[in-house]
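Residue strings, one per chain:
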Amino acid sequence: TFLHVSIEEKNIYSQIIKLNSDGKVVEQYTLKSETEQYFIEDMIEYNGKIYISATTVPRVENDETEYVGRYYIDGLLKDAFSEDKNGIDLTADYLSKARQIYKAVLLQCDVEKMIPSQFMSTKCSVGGELSLNENGELIWDLYEIINVNFSPLTSSFTFGFTGSVIRFNIHEKGNVTS
């Protein structure tokens, strides 16, 4: 059994824990990259492999941002609170920025080694659900970002995303249709 763990206080957004039949932790894996921060959205076992739906954003270290713990929207916050604008910028083109920083990825891992390889990705999207259809094919839903708006009256860290669902069918041999 595999579990996804997300602990915001400890900046853990991409840890996978493997449990034995007694529920004891056997191994722990963390998705890491020098350039990207992973946020796991969903996982499923299919055809002898583990598939992970995730969203990536450029990696930011604590000392590189004043928005500690807001890694998912850090790139947008930098534009919203631009020093050039002396405060909040309601006119920034957040959609263009989102197209640059958000990427949905589908990772494929061997069950034993848990070494991920990128199966497919799409920019300006957020990873979504994984499921199986009635034909036994893997379904990957992701959310394409169509519009982004900043809502400082709700909260200084609120961005609204409008999008559409894109569904990929992944056949047993790896062929992809949408």
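Small disclaimer: the values here were computed from a predicted structure and weren't measured.

1. A word on the confidence of the model for the protein chain
- Across the protein chain, pLDDT averages 77, with 70% of residues at or above 70.
- The secondary-structure element of the protein chain with the lowest mean pLDDT is strand E1 (residues 2-7), recorded at 53, while strand E8 (residues 125-132) shows the highest, at 93.

2. Overview of the environment of Asp110
- Relative to the helices and strands, Asp110 is located in strand E6 (residues 103-110).
- With 60 residues separating them along the chain, Asp110 and Ile50 place their C-alpha atoms 6.4 Å apart.
- Among all residues touching Asp110, those that are not within four sequence positions of it are Lys49 and Ile115.

3. A short note on helix H2 (residues 94-101)
- Those residues of H2 lying buried are Tyr94, Leu95, Ala98 and Ile101. Mapping the buried residues of H2 onto a view down its axis gives an arc of 135°, with all of them on the same face.

4. Things to note about the sheet that holds strand E9 (residues 138-150)
- What the four strands build is an open sheet, ordered E8-E9-E10-E11; its pairing is antiparallel. Each edge of the sheet is formed by a strand with only one pairing partner; in this case those strands are E8 and strand E11 (176-177).
- Note: strand E10 (residues 159-170) against E11, two bridges, orientation antiparallel. Across the sheet, residue Ile170 finds its bridge partner in E11, namely Val176.
- H2 rests against E9 and E10 of the sheet, and its axis sits at about 145° to E9.

How each quantity is defined
- Residues numbered from 1 in each chain as written.
- Predicted model: local features only at pLDDT ≥ 70, side-chain atom pairs only at ≥ 80, totals over all residues.
- Heavy atoms only, no water.
- pLDDT = per-residue confidence, 0-100.
- Helix = DSSP H or I, 4+ residues; strand = E, 2+ residues; numbered from the N terminus.
- Contact = heavy atoms within 4.5 Å.
- Buried < 20%, exposed > 50% of the residue type's maximum accessible area, 1.4 Å probe, protein only.
- Arc of directions from axis to C-beta.
- Pairing = 2+ DSSP bridges.
- Axes fitted to C-alpha atoms, helices over the stretch in contact; angles between N-to-C directions.

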